[in-house]
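Observations on the three-dimensional arrangement
Here are the chains, one letter per residue:
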Amino acid sequence: MSFDPHWLAWAGVVLLIAVGIAGTVLPALPGTVMVLAGIVWGAWLDDFTRVPVWLVAVCAVLAALAWATDYVAAALGARRVQASGWAMAGAALGTVAGVFTGFVGLLFMPLLGAMAGEWWALSRQARGPATLASDGQRALTVGLATWLGMMIGTAVKLALTFVMVGAFVAAYIV
């Protein structure tokens, strides 16, 4: 009985796509790029007979769109309320910290990070102490807008990723 490494290659394709799907919500992994790599690898393993090159190209466009959406949505949410760069940095740090705090932390740490970043930016401005309540309200508004943009971006990125995977699976099994 001889060893057939073909199944091992397909296991790699499935693993790459699965880790890529996780990476669409985890900030440390390039999710859509990993999913696209798995799709390209899977199509190549079958010599592009079941999954044609044009479908791989469509998936590449969807991956690029998903990647861009991730950044644009958060930036639009922050820009809408004129968030400071500190708010964006805080949201990014909150996202990274959220990885270590579980799902709830991953969901809400970007909000807290954006609020803290905006609060920090406001505290660095030379103003009177009577602005504490308005600074808090401003930090909350900026935090919510930035967080909402990030959540919308993540949802769109996840949806586009599932469309990519669905198209690949449908092309392969049909």
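Residues numbered from 1 in each chain as written. Predicted model: local features only at pLDDT ≥ 70, side-chain atom pairs only at ≥ 80, totals over all residues. Heavy atoms only, no water.

1. With respect to the overall build of the protein chain
Secondary structure assignment for the protein chain yields six helices and zero strands. Starting at the N terminus, the α and β elements of the protein chain follow one another as α-α-α-α-α-α. In terms of overall size, the protein chain is more extended than a compact globule, its C-alpha atoms giving a radius of gyration of 21 Å where 174 residues would be expected to give roughly 16 Å. For the protein chain, the spread of C-alpha atoms along the three principal axes comes to 80 × 30 × 20 Å. A separation of at least 24 residues holds for 68% of the contacts in the protein chain among residues at least 6 apart in sequence. Surface accessibility of the protein chain: about 9,900 Å² in total, with carbon and sulfur atoms responsible for 77%. Computed over 7 positive and 6 negative side-chain charges, the separation of the two mean positions in the protein chain equals 19 Å. (Helix = DSSP H or I, 4+ residues; strand = E, 2+ residues; numbered from the N terminus. Rg over C-alpha atoms; globule rule 2.2 N^0.38 Å. Contact = heavy atoms within 4.5 Å. Areas by Shrake-Rupley, 256 points an atom, 1.4 Å probe, with all protein chains shown as cover. Lys, Arg positive; Asp, Glu negative; His and termini not counted. Charge placed at Lys NZ, Arg CZ, Asp CG, Glu CD.)

2. A look at helix 4 (residues 85-99)
Look at helix 4: 22 Å from first C-alpha to last across 15 residues, which is about the 21 Å you get at 1.5 Å a residue. When we look at burial in helix 4, the residues that qualify are Ala87, Gly90, Ala91, Gly94, Thr95 and Gly98. Across the axial projection of helix 4, the buried residues extend over an arc of 140°, all falling on one side. In helix 4, the exposed residues that point more than 90 degrees away from the buried face are Gly85 and Leu93. (Expected span 1.5 Å × (residues − 1). Buried < 20%, exposed > 50% of the residue type's maximum accessible area, 1.4 Å probe, protein only. Arc of directions from axis to C-beta.)

3. Here's the deal with helix 2 (residues 31-45)
Here helix 2 spans 21 Å end to end across 15 residues, near enough to the 21 Å set by a 1.5 Å rise per residue. Among all positions in helix 2, only Gly31, Thr32, Met34, Val35, Leu36, Gly38, Ile39, Gly42, Ala43 and Leu45 are buried. In the segment just after helix 2, aspartate 47 is the residue with positive phi, at about 55°.

4. Things to note about the pattern of salt bridges
Side-chain pairing between opposite charges can occur once the charged atoms of the two side chains come close. Tallied over the entire structure, the rule returns one salt bridge. Linking arginine 138 and glutamate 118 is a salt bridge whose minimum nitrogen-to-oxygen distance equals 3.6 Å. With arginine 138 in helix 6 (residues 132-173) and glutamate 118 in helix 5 (residues 102-123), the pair connects residues that are 20 residues apart, well separated along the chain. Residue classification places arginine 138 among the partly exposed residues on the basis of a relative accessible area of 25%. Using a relative accessible area of 3% as the deciding quantity, one classes glutamate 118 as buried. (Salt bridge = Lys/Arg side-chain N within 4 Å of Asp/Glu carboxyl O.)

5. Some remarks on unusual backbone geometry
Where the residue is not glycine, phi is negative for most of them; where a peptide bond is considered, it is trans in most cases. Phi at aspartate 47 takes a positive value of approximately 55°, unusual for a residue other than glycine. On the secondary structure map, aspartate 47 appears in the loop between helix 2 and helix 3 (53-80). Taking the relative accessible area as the measure of exposure, aspartate 47 reaches 61% and is therefore exposed. Of note, phenylalanine 48 is a non-glycine position whose phi angle comes to about 55°, a positive value. The residue phenylalanine 48 is located in the loop between helix 2 and helix 3 in this model.

6. With respect to the packing of aromatic side chains
This structure, assessed with the given rule, holds four aromatic pairs. Ring geometry for tryptophan 10 and tyrosine 172: centres 5.1 Å apart, planes at 55°, overall tilted. Linking tryptophan 10 in helix 1 (residues 6-23) with tyrosine 172 in helix 6, this pair joins segments that are 162 residues apart in sequence. For tryptophan 10, a relative accessible area of 17% gives the class buried. Look at tyrosine 172 and you get partly exposed, because its relative accessible area is 23%. Seen from their ring centres, phenylalanine 108 and tryptophan 147 are 5.8 Å apart, and the 20° between their planes marks the pair as stacked. Of this pair, phenylalanine 108 sits in helix 5 while tryptophan 147 sits in helix 6, placing them 39 residues apart in sequence. Phenylalanine 108 gets classed as partly exposed once you look at its relative accessible area, which sits at 36%. A connected cluster of aromatic rings, assembled from ring pairs, spans Trp10, Phe168 and Tyr172. (Phe/Tyr/Trp six-rings, centres within 6.5 Å; stacked < 30°, edge-to-face > 60°.)

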